Each structure stands twice: as structure tokens, then as C-alpha cells.
Amino acid sequence: MAEPSAAPPAPTDAEREDALDRMLTWLALAEDARLAPLLVRVLPYAITSFASTSTSVRKLAMEILSHINKRVKHRPEISLPMLDLWKIYTESASTSIVRNFCIVYIEMAFERLPSEEKGNIAPDLLINISKVPAQHQGIILRLVSKAIGECNTRKVDDSIALKYRSISGSDDGLVFADFCFHTILYQTPSQGIGCPAGLSVAQADRVTGKLPLKGETLASRKLGILNVLEAMQLASEIVYPIYLAGASDSQESVAKRGDELLKRKASTANLEDAKLINRLFTLFNGTASAENIAAELKVAPAPSSLRVRLMSVFCRSIAAANAFPYTLQCIFGCIYGSGTTSRLKQLGMEFTVWVFKHAVMDQLKLIGPVILSGILRSLDGSSSTEADSTARDVKIFAYQAIGLLASRMPNLFSNKTEIAMRLFTALRLEDQSLRLTIQEAATSLATAYKGASIVVLKDLEALLLENCQVEQIEVRFSAVRWATTLYDMQHCPSRYICMLGASDVKLDIREMALTGLNLLNDERQSPAMTVDFNYPDIVEMLNYIYSQQPKLLQSNDQSDGKLLFSSKTFLAMIKFLMKCFEASDIPDLSQEDPSHSPVAKMCVVLEHAMSYEGSSELHALALKSLVDISFRQPKLVSSRYANRLHWLRTLLSHVDSDARESAARLLGIASSALSSSAALNLLSELTSALDPNHPSRFEIYHGLLCATGYVTACCLKESYIPEELVQKVVDILVKVVESEGSTLASLAMESLGHIGLRCVLPSISRNSSAAGVLTVLHERLTKLLSENDTKAIQKILVSLGHISWNELSFSHLKIALDLIFSLARSKVEDVLFASGEALSFIWGEVPVTADVILETNFVSLSQATNFLTGDAPLLDSRNFGKRSSCEEARTTAQDEIINKLFDTLIYSSRKEERCAGTVCLVSLTMYCGRHPKILELLPQIQEAFSHLIGDSNELTQDLASQGMSIVYELGDASMKGQLVHALVNTLTGAAKKKKAIKLMEDSEVFQEGTIGSNPAGGKLSTYKELCSLANEMGQPDLIYKFMDLANYQAALNSKRGAAFGFSKIAKQAGEALQPHLHTLIPRLVRYQYDPDKNIQDSMGHIWKLIVSDPKKAIDEHYDVIVEDLLVQSGSRLWRSREASCLALADIIQGRRYSQVSKHLIKIWTTTFRAMDDIKETVRNAGDSLCRAVSSLTVRLCDVSLTTASDAKETMNIVLPFLLSEGILSKVASVQKASINLVMKLAKVLSAVKVIMLTALIP
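Residues numbered from 1 in each chain as written. Predicted model: local features only at pLDDT ≥ 70, side-chain atom pairs only at ≥ 80, totals over all residues. Heavy atoms only, no water.

Named according to an unreviewed UniProt entry, the chain is Proteasome-associated protein ECM29-like protein originating from Aegilops tauschii subsp. strangulata.

Visitor: Quick question: what am I supposed to make of the side chain of Ser-804 here?
Guide: As for its placement among the helices and strands, Ser-804 is situated in the loop between helix H39 (790-803) and helix H40 (810-821). Looking at Ser-804, its side chain comes within polar contact range of the main-chain oxygen of Leu-800, at 2.8 Å. Not counting chain neighbours up to four residues away, the residues in contact with Ser-804 comprise Leu-813, Ala-816, Ile-842 and Arg-890. (Helix = DSSP H or I, 4+ residues; strand = E, 2+ residues; numbered from the N terminus. Polar contact = N/O pair within 3.5 Å; in protein donor to acceptor, adjacent residues only side chain to side chain. Contact = heavy atoms within 4.5 Å.)

Visitor: Is there a simple way to think about the packing of aromatic side chains in this case?
Guide: To describe a pair of aromatic rings, you give the distance between the ring centres and the angle between the ring planes. For the structure on display, the rule yields 18 aromatic pairs. Geometrically, the ring pair formed by Tyr-496 and Tyr-544 is edge-to-face, given 5.6 Å between the ring centres and 75° between the ring planes. Note that Tyr-496 is positioned in helix H25 (residues 492-501) and Tyr-544 in helix H27 (residues 538-548), a separation of 48 residues in sequence. Judged on exposure class, the residue Tyr-496 and its partner Tyr-544 are both buried. Here the aromatic rings of Trp-1164 and Phe-1168 are separated by 5.4 Å at their centres, their planes lie at 50°, and the arrangement is tilted. With a gap of four residues between them, Trp-1164 and Phe-1168 both fall in helix H58 (residues 1160-1171), about one helical turn apart. (Phe/Tyr/Trp six-rings, centres within 6.5 Å; stacked < 30°, edge-to-face > 60°. Buried < 20%, exposed > 50% of the residue type's maximum accessible area, 1.4 Å probe, protein only.)

Visitor: What exactly am I supposed to notice about helix H48 (residues 954-970) here?
Guide: Helix length check: H48, at 17 residues, gives a terminal C-alpha distance of 24 Å against a target of 24 Å (1.5 Å per residue), a fit within 8%. Most of H48 is tucked away: 14 of the 17 residues are buried. One side-chain oxygen of the residue at the start of H48 lies 2.8 Å from the amide nitrogen of Leu-955, identifying that residue as Asn-953. (Expected span 1.5 Å × (residues − 1).)

Visitor: What's the story with H25 in this structure? I'm lost.
Guide: At 3.6 residues per turn, the α-helix brings residues three or four places apart onto the same side. Across the ten residues of H25, ten count as buried, placing the element largely inside the fold. Every buried residue of H25 is accounted for by Cys-492, Pro-493, Ser-494, Arg-495, Tyr-496, Ile-497, Cys-498, Met-499, Leu-500 and Gly-501. In this structure, the buried side of H25 is in contact with helix H23 (454-467), helix H24 (473-486), helix H26 (507-516), H27 and helix H28 (567-583).

Structure follows, in C-alpha cells:
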């Protein structure tokens, strides 16, 4: 309360009685017009008289008040002494009875004041309001709110705002804000009775007083209150609930103003404040359910509009997610509360998702099970056909909540399958718009069942199997996802589900299923990239498939039977079963009863896959799989199909070429189980179909040719075929080569090659004389190899190698070699690789046997090794058997190959021949690398590859670098050291001079278009064209400059090729490289800035291989690197100058004075020289270097960034140089850069104080 005012001595009771009596007389005699001035004296005196203990005094005072009441009650124009009454009320000496009478007349006096005066007085009434009795508080606060409603609806004057602001940080401000909050919440009850939402009866009465507030009066008070609260500048956490309530008001003007203030003034409120959140929860939930609160004090829940806004707040507050038990009350109030709406249900579920996501685990353990039961009850009470969007959103959030709870509390779900069954049922029955959300929830739920009990996982197996092929896409997706998530690779039922999913119409389901079977990237993996997986036991996997499809036990008519699974499912099933087969323990696969062995069961599955309805791809895979199985269990497979030759023969006419090829292999394998007579009869039937009749269909012809070769080879292996029959078969095949087109002729050659793998081909009678097969076919093969049928050429080349496998005559080997080398100028890579493979077979000791080629799905050596990937292992031929042959003929053939490669191809002036020579040499080194002669030739081979890495042809470069890594692996320690040294020399430019190559007229010196065209617009690439241009220009010596350019380009190519080879060897060389790092690192740094992107990439790759910590390596070799860059920045090669400038600009950044001081003048000299270079790109690099070194110089001269001594030294070095060499330069760009830098240095010059200022004065 205010301090008591100075007053005269209190009158005695007698004096007061006499005064009151006179005043009563004055009142009685006074007219109404003069009553107001009289009341100023009478009313305060009469009220203070109640402090007297005299009964007569109090009686007279009461009579006076009674008289005043009668006179002024219905005369509102008569004013009362408001300020005097308020002064008496605020005096600390006033008794309670005096204050009680005062407050009555204060209320009456305030009502009679003019509006402006009310507005001025209202803030004063709030001073010390927190210390006033509650009943009086309500009266005063109502008076203030009424004044605010009358005066501040539009704005609050600055002087008035200042008064209100004075109580902002006090308890008075909190009392006022609380009353304002209740006023904003107040809504006129329907029919004028009841308690407004969000308030208790007592709070509503406190706001309204005697009569309820209505319409415009209530709206004006709320608007005024919002304006005053804005002017008070209260803390955001205090006004946030008030503005929130205002924004939800039923009056549009109030709601608009509240929303505006909420966004503008309360957006910074801390929603993690526990007090604020608890207050909001109390507003949302109310206290109606509390038992220890009086009925008139129980607060009703907030109105629905406000509750909606509150829910959006809770969904942004982590504190709200952890406000137990308010969180639980809020969620259940939204879902099941009596006054809830569909919108609140939706928000309640959204808040549930928020709680499950952000609640701490201790709280989640308390509320999670309770809320989950509520969610399930809510879902049970909803209909799957509800079309209301809000109801749909409720379900969406409900399923999201289940998914989140499953991810955070898996133990709540893992002991029973009820929720899993519910979600899969919902996926089938719910509307399409909900299925994606349910699918996501199901995916989260799957992780909860990891580590569940065996019983639960068993129940889930049945659930997934039931749902993996239903109509709804989302159900199938979830079934496959669960199968791949819950179970490992060895779990048979889940792998079976993946097999079924592999044929799904949806790509994502197919890919997920194939991933579960480890088949998604199966085709992209080379044998060297195979990763070990724990596949199921083949017996268990087959037994499970049989249990799911009992029809597999029945015999199947392969021509008319229907597929038991779709083609894609069969494909996945066969691929996976073959992986299981390969991973299983082979000795255990042979059972005592062959008909019940896993191999037999596998064969049955593959035979069912051959049903007529199957795709060509499926048939080809099934037959290839039978071939693979037969190689591991030859007796069982051959005996099984020895009685089914007719079926295999029908497959020889299959529409798919791979299927025909595999069927022919199987026929040859099966013939090994036949008696000699049966095998010979089969071969006779095949040859009789070829000669003299010509099959009408190409497929039949192809199948017969393949089968003839495989069956003949098998009979030769078993050694029960007479020489006359071999002669006949070979003669028939030779006639096919002579008479048919390239495709069939190549197939006949392939069959001849297969026969040649088992024996020396017999001579052929022609014109009453016998001659070798290759002699007879030489002319025809030459013609076939000159055609454009790439596949036919490949087959013919490989067949030449196969035919030469057992050849005893060098003359025949010479024919084969001539035919192979006749394609040395071919530009088709596949043809070159086939040539290399054929030469490897002729050379000998290739890492395959005849059995591997004939009785497996072998295609070629290059495909088996996949050496073009760059990660191919060196094949070791020592583990394979060596054939018997004439060593003399073989040695002579090897010498012929060596001479052709090293004397003709590798050092040829034609890039095509060099490429062919490279392919052949790499093939020999890889496939026959352990051969003594190859090992003897390693130094020569190394020299050849070192030469070829500089070739302009990228394939030649790549293969040469590949060859160098092979040589490194084959060589001894001395060889490895020499190879590393040679590569380092190539990279650093110190390589020895290469072997000279004689140029012919048509030798290509430059690639076409590299140096433009001649004046007539013609080509300018060959040696002859360059000479002609030099002569036409009258400058014959120009040809030497052309050749200098060509050598320069070759040097660049050498560096790139060496980089490839080095990157492969670096993985193996290890410590051998350490002595060379001092030389290598400076060059590698520069090459990484080379204008040629290929060189950048190559050198960058080496840098990553040999430098584990780039920063440390540069720091350790910093001086050497900078010196090298400074030297190369003056090179005659513009590439070196440009790269050096760019590298310097990068490497000097952030360096200390001690690191750069010795180089600083040289760097500036290099910079100015580069800025005046003849080539534009070098000048641009010089500009970049200038910016970098300028920045470095300014930093080193700034004492705030560098020590004073270092700054002084830097200034001593740089400033004189800039003044003498830079500003006085004749190059405009150098002059401008120098002036700009001197101006920057002048700004820091005063701090250094070591340079003579006269140096700056001309």
C-alpha cells in the first residue's frame, strides 16, 4: 500500500459527531445541482468515520451514506470524489470496514467518470493489486477492464502504456495478466447460464461480476486487453496462452488480433518451458475430474477451437511429450473425451506419434502400453469404409504411432503376433490411401520381432506365406520385407517367400526379393568378386520347396506340362538352389539311393522348369544348371539322362541358342553312360541328319552341329570310337564349313575344335590326296575371317586354338597362326581378345583342361577371368594337366609367336597392330604366365609394355598397364625393383629413350583432327600428309616440329599409361616405393593440376594409393615441391607452366613465414612472368597465383595475424621488389596488381614501422 499522507490530529468522537450532524444538515438542504461539490467533503469524511468506535458516530455516518445513496443512485451525472476515495482506500491506516465502504463507492465513482479519465486512472488502480483482498481484486480488475474496453479498443497512448508497463515485472502484473487471461477465455454462456469452457464458476464470476458480459461489450474489452498486454511487453511465456486463447475466440475481430499478436509477439515463447506447458495442459484438460477441489473452483476444459490450437502447440514441444500424466490425459481426452471432435481425434493421434517419438524411455514405459491399448480400441471402433478425410487422418496417425512405438519398445510386441496379424489384415482391407502408412508401420514393426521366440517366428512364417501372394501390392511388399528382415539367409521358408516375390509385377518387390536371395547383382559380379554367404543346406531347401509344392513329386511331361511356378520364380529358385548346391558339402550329396539324393531332386526341379510354358531364359538356365551339376556329380547325372536321350535330342531344336548349346553338352555327357554301341549309334544318327540331308530349320542345324562335336569328343574320351567314324564326322563338319554361311560354318569349326581337344584331327581326302583340316580349309577360313560377322570370327579363332591343342605338325600350327595374325589390323576388341585366347591355346599350358571346356558351361578364358576389370587374378596353369604333344612343333610355334609379336606388331607404326600385339601379349602373360619360356621373356615383355603405355590408343594403354602389373606379379625381386624404377622414371620424365619406330607413308602421327586440317580441308594426320604440307609451305624443316609435337603427345600418353600401371603395382609394391617418394611426390602434386583431365584423374588415383596422409606428405616435402614447381613454371611446355602456377597457388595458402620466406621472391618473380605468358591459359593461372600470393603477403605483413619480427622481414623482402619490379613493369596487369598490393601494405605499414617511408616517395 502507499505511504500514509500527512494529516492533522484526529478529531474526538464528539467533534466528529458534531461535524457529521452538520454535514447531514448540509446534505438535506443542498440542491441536487450543488450536491457534487458537497460530496467531495462529506463522503470521504463519512467513510473514514467508520473507523471510530463510537456507536453514535457510526450511526450518523450510516445515515449520511444512506442519504447519499438515495440522492445519487438514479442520478449518474452526479460525480463522486474518486481520487479522494482511492486515497483513503490505499492508506495503510485505513481499517477493513473503511476499505469495504470505500470500494463500494469507488466502484460507483469510477462508473461516473468520463471515459478519458477512466483510461488515465485505470493503470493506477493496478498498483499493489496483488496485496488487495481477493473480493476487492475482482472489483478493481473489473473496473480496469471496463476502462480498457472503453478507451483502448483501438490503441494505447504512450503515456498510458508507460503506466501499465511499470507493473510488468511485478506480482501485480501477473495478477492482472491472469485476470486478462480469464477475460479472454470468457464466452457468453448459452441462455445466460452455465460455466464458460476453460474457466471455473469462480473465475467466470470474477470476470463478469453481477451480470454476464455480452456481445460488443465483451469484444471491446478483449480487444482493449490485447492492446494493453502488447503495450506492457510481458514475457512471451506469460502472454502466449492469452494470445492463443484470443486467436481462438468466437469473435472474428478478437481472433484476428489475437492471431496477429501470437505470430508477432509470442513466436519466441519457449515451448520447452515446463511451467508454460503445464499451464497449457491444465487449460486443455481442465480440473473437472479432480476430487480434492471445490465444485466452484473446478476448471472446465478449454473450448474445442482452443484445444485444436493447443494440440498443434503440443506437437512442437518435447517437454509436452514428457509431461506425465498430462500427456496421457490429453491423448485420451482427444480420442475418447465427451466433447471431442473428429479433428481432435486426428490431432490426438498426431500427438501420440509425437509422444512416441520424443518421450524419454522411462516415461514411454509407463504410458506406451496404455496408449497402445487406446489406439487399438480406437481402430476397432472405426470402419474401413469411412470416407471422411479427418477420420482417415486419424487412422494414418494411429498406424504411424504403432510403427514408432514398435521401433522404440520392441519388447511390447515381440512376444505375440496379434499386432502383426492386425497390420497385415489392415493392409488388405483398408482404403488404398492408408496402405502406404500401414506398410511403413509394418516395416517398423518387423524390427520389433527380431530376436523373438521360436514359437512367434514360426507363427509369423505362416502369416507371411499366407500374405506373400495376395492381390494388394502393399501386403506382398510387407511380406517380402519381413521375410528378408526377420530371418537370415539360411532360413528356408523366408527364402521360399523371396523366390515367390521374384516374379512380382512390382519392380521394388522383385528387387527386394532378389536381394534376399543375393541375386540382385548376380550378373554384375565376376568370379573374383564372389562373397561367401551362409546359404541354406541344399537338402533342407529342396525338402521345403517340395513340401510347399507336392506336385514336384509327380512325373512331368516336359513338352506339355504346365509350370508349377512362374518363370521368374523358377529362375530365382534355380539360381538360389545352385548357390546352395555349390556351398554344400559335395561328398555328402551322393546318397545310397540315387533317386532320393539331393542331386536327383535338383534334377527334378530343373526338369519341371523345362515345361513348355516356361520362357526361353528359364529353359537355358535349367539346362546350364544341369551341366553344372553333372560336372560335380557326373555319374549320377549321366546315368539319369542316358535313358532320356530322346528328350535331350528334342531340345537340340530349341529356339534359344544357349539352350541348344547346353542341351548338346548334356547329350555329350549322357553319352558317356551309354554302351559303346549305343554311343556310336547316337553319333551315327546325328551325322546322318547332317549328311547328305540339309536340316530345314537353322535351330535344328545348330543343335545337330553342337551335339556332333560334344558327342564325338565324349566318345573319344571313352576311347570306343573307331578312327573311320572320327574321319567321317570330321569330313562332314569340314563340308559344312566349306558350303555354309559364316554362322553355320563357325559352329562347324567350333565342333571341330571340340574334337581337336580330344585328339589330333585326321587328314581329309581331297582330290585323291590327304591333307590336314586346316590346309583344306585355309582358303575358306581366310574368306570367313575377312567378313564382318564378329561372333562367327570369334568362334573360328577360338576353334583354331582348340584344334591346335593336340596338333603335332608345325605346318598346321603355322596355318593357324597365319589365320590368327591376319586379323592384326582389326579394330573390333572382341576379335582381338579371341585372337589372344587362340594364341594362348597354341602356346600351351593354359589354365583349363579339355574336360572343363567340354563338360562345363565354359565360354572363354577372357570371360572366365574377366581381366578387363583391372582386378583379375593371375591364372595358374600348374594345377592343370599337361597334354602330350610334339615339343619341337610347339617350341617352333612359340618362337613364331614371339617373332611376330616383338618384331612386327608391338613396335609397328600402325596403332591397330600395336593394339593387337598388346592384347596377344597380355593374353599370353596372363593365361600362360607360368610357362618357362614366358618367365624367360619377362624382361623383354616388360620393355614392350613400358613402350606401349605411351600409345595413343586407350585400350593399348590400359592393357599395357594391366600387363605391367602381371609382369610385376610374375617377376622375381630384381624384376619387381626394375619395374618400379622404370615406372617412376616415366612419371618423373627421366625414362630412357624408347625404341625407334620406322614411319611409313600411312603411319598415323596425330589422331585425326588433333592439329586441324590442311588448306584444302583434307586430313592432316599421317606422316605423308605432314610432309606434303611442309613442302607446300616451302618449309621442309617444319616436319621436325611436327614430330616434336608428336613426341610431346606420346610423352603425355606415357605418363597416363604409366599412372594406370603404377596404380595397379602400388597395391602390391608396398615398401618398395618408399625410396622413390622423394622424387615422385613433387611430380604427382603438379600432375594433379595438369590441363589434361585424364592425367589429373590418373595421377590423383596414384596419389591416393601411395599417400595415406596428404597434408603430412606435403608438409614433409614442402621445400622440394615448391622448388620443383618454380623450376617447371619456367618450362618450355605450357602445360607444365600452367600446372605449376595452379599448384603453387594452392600449396602456399595458409603457410607460415618460416615455410615461405626462402621462396617468396622466386614465387613473385614466377607470378609476374606467368602473368605475361604468351598462352592465355597460363596467364589465367598466373592471375590465380597472383591473388594467392598477394593474400599470403598481406597476411604475413599484418602484425595482428603474424609476429612483428616476421611481418618486418616479409615487408623487407616484398615491398622493395614490388616498387622496383612490379610498379615499374611494362605489363599492365603486373603494374595494376603491384599498385593494389602496395596500397594494402601501406595500411599495415604504420604497425610495422620498419620500412623507410622514403621508399614510397618517388
